[in-house]
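This is what each chain is made of:
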Amino acid sequence: MTSARMAKPGTGFASEFSEIAKTIAIALAIAFVPRVVVCQPVTIPSSSMEPTLLVGDYVIISKFPYGWSRHSVPFSPPLGEGRIFAQAPKRGDIVVFKAPRDGRTDIIKRLVGLPGDRMQVVQGVLQINGQPVKQEPGATSLEDGPAGGAIRVSQFRETLPNGRSFTSQNYGPDTPAGNTGVYLVPAGCYFMMGDNRDNSLDSRFDPGQVRTGEASCPWNSDLDRYLPPEVGMGFVPFDDLVGRADMVLFSWRQGASLLKPWAGLRLDRMFHKLGAPTAT
């Protein structure tokens, strides 16, 4: 009668550990790869894109429309410059990008200016290459202003030169950010604005000191004299684009009770598409 062969000490443990490690690796890949390649969720923390996006919106951004850069990967590892399968964004896209000054903070704005464009805001109206963007008056309301007290908010249906239209809002023609100098958008860079024009630190404002190693665009500091001394985005480099916002998956009202989360759900915003339509 022969005896069973004894297993080598530690062999069972090593095999079991290896299987566990493989399982974890597969699970991480399943969670990680779609986020890098296909889409990524972001939440809206501020009102700079109202009325298009509301605080509490949970937005899905597509990664593939502009190709992939190091910012497509969580934590933006130092993988080098440039994009894989790069495709230029379109005027009117709602874009998530990294703040040029740090290359880390996610920002969401609307792309209104392309390389070579001359951009200006005159009496609260956006001008592109010397031509005012078409505006159709919409609703007017009284809301709490940034400095307290009620302020009149006017909405407009804007149509960009390529026919894409959307709703913006402002506080009037003579606000601190309602009259600017002329911005010449550099090659490889884009001009972004919030739809809430008087509550958005965007490409109208100086980007501040850009951290060493981050992509950057040239900035004319003479433009700063037209606006309050705030730090904004400046021109946004193509490499800093993360993806295009395509849909509001769901949305929560501010101050919703954790005990009754369903009461704060905005049902009318579930699966709300964000593509800027073409004007008819």
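So, here is what we can say about the structure in this document. Source: prediction; values computed, not measured. (Residues numbered from 1 in each chain as written. Predicted model: local features only at pLDDT ≥ 70, side-chain atom pairs only at ≥ 80, totals over all residues. Heavy atoms only, no water.)

### Notes on the pairing of strand 14 (residues 241–251)
- Here strand 2 (residues 57–62) pairs with strand 14 via six bridges, running antiparallel. When the bridges of strand 14 are listed, I60 appears paired with M247.
- In terms of strand pairing, strand 3 (residues 94–98) meets strand 14 through three bridges, oriented antiparallel. Directly across from F97, in strand 14, lies its bridge partner L241.
- Here two bridges tie strand 14 to strand 15 (residues 272–273), and the two strands are oriented antiparallel to one another. Opposite M247, over in strand 15, you have K273 as the bridge partner. (Pairing = 2+ DSSP bridges. Helix = DSSP H or I, 4+ residues; strand = E, 2+ residues; numbered from the N terminus.)

### Structural notes on the nonpolar core
- With 20 residues, the main nonpolar core has M119, L126, Y183, F191 and F235 as its most contacted residues.
- Every element with two or more residues in this core is listed here: strand 5 (118–122), strand 6 (125–128) and strand 12 (189–193).
- Residue contributions to this core peak at three residues, all from strand 12.
- For M119, the contacting residues outside a window of four places in its chain are V112, G113, L126, Q127, I128, G181, V182, Y183, V185 and F191.
- Judged by nonpolar contacts, the second largest core, of 13 residues, contains I94, I108, V242 and V248. (Core = buried A, V, L, I, M, F, W, Y, C linked by side-chain atoms within 4.5 Å. Buried < 20%, exposed > 50% of the residue type's maximum accessible area, 1.4 Å probe, protein only. Contact = heavy atoms within 4.5 Å.)

### Overview of the sheet that holds strand 6
- A sheet is described by the order of its strands in space; here four strands give the open sequence 7-6-5-11, paired in antiparallel fashion. With partners counted over all chains shown, the strands left at the sheet margins are strand 7 (131–132) and strand 11 (183–184), one partner each.
- Where strand 6 lies against strand 7, two bridges are found, and the strand directions are antiparallel. Looking at strand 7, one finds that Q127 is bridged to P132.

### Observations concerning the sheet that holds strand 10 (residues 165–170)
- Across the sheet, which stays open at both edges, the three strands sit in the order 8-9-10 with antiparallel pairing between neighbours. If you trace the sheet from one side to the other, it starts and ends with strand 8 (134–144) and strand 10, each paired once. If you compare each strand with its neighbour and ignore which way they point, the axes differ by 20° on average.
- Sheet topology places strand 9 (residues 150–159) next to strand 10; six bridges connect them, and they run antiparallel. Within strand 10, the residue paired with Q155 across the bridge is Q169. (Axes fitted to C-alpha atoms, helices over the stretch in contact; angles between N-to-C directions.)

### Re the environment of V182
- Looking at where V182 falls in the secondary structure, it is placed in the loop between strand 10 and strand 11.
- Here the alpha-carbon distance between V182 and V122, two residues 60 residues apart in the chain, equals 9.8 Å.
- What V182 contacts, discounting residues up to four positions off in sequence, is R118, M119, Q120 and L223.

### Side note on the state of the cysteines
- Tallied over the entire structure, the rule returns one disulfide.
- Disulfide partner of C189: C217, at an S-S distance of 2.0 Å. As the torsion about the S-S bond is roughly -105°, the C189-C217 disulfide counts as left-handed. Taken together, the residues C189 in strand 12 and C217 in the loop between strand 12 and strand 13 (236–237) connect sequence positions 28 residues apart. You'll find C189 and C217 in the same group, each marked buried. (Disulfide = S-S within 2.5 Å.)

### What about the packing of aromatic side chains?
- Evaluation of the coordinates by the stated rule reveals nine aromatic pairs.
- Ring centres 6.1 Å apart and planes at 85° place the aromatic pair F250 and W252 in the edge-to-face group.
- The class of F250 is partly exposed, set by a relative accessible area of 23%.
- Its end group placed over the ring of F238, R83 keeps NZ or CZ at 5.0 Å from the ring centre.
- Over the face of the ring belonging to F166 we find R110, whose NZ or CZ atom lies 3.9 Å from the ring centre. (Phe/Tyr/Trp six-rings, centres within 6.5 Å; stacked < 30°, edge-to-face > 60°. Lys NZ or Arg CZ within 6 Å of the ring centre and 35° of its normal.)

### Digging into the pattern of salt bridges
- Evaluated as defined, the whole model comprises 14 salt bridges.
- The partner of D57 in a salt bridge is R269, and the shortest N-O contact between them spans 2.7 Å. Here R269 lies in the loop between strand 14 and strand 15 and D57 lies in strand 2, a separation of 212 residues in the sequence.
- Accessibility expressed as a relative area gives 10% for R269, which makes it buried.
- The shortest N-O distance in the salt bridge between D202 and R204 comes to 2.9 Å. This pair shows no difference in class: D202 is buried, exactly as R204 is. (Salt bridge = Lys/Arg side-chain N within 4 Å of Asp/Glu carboxyl O.)

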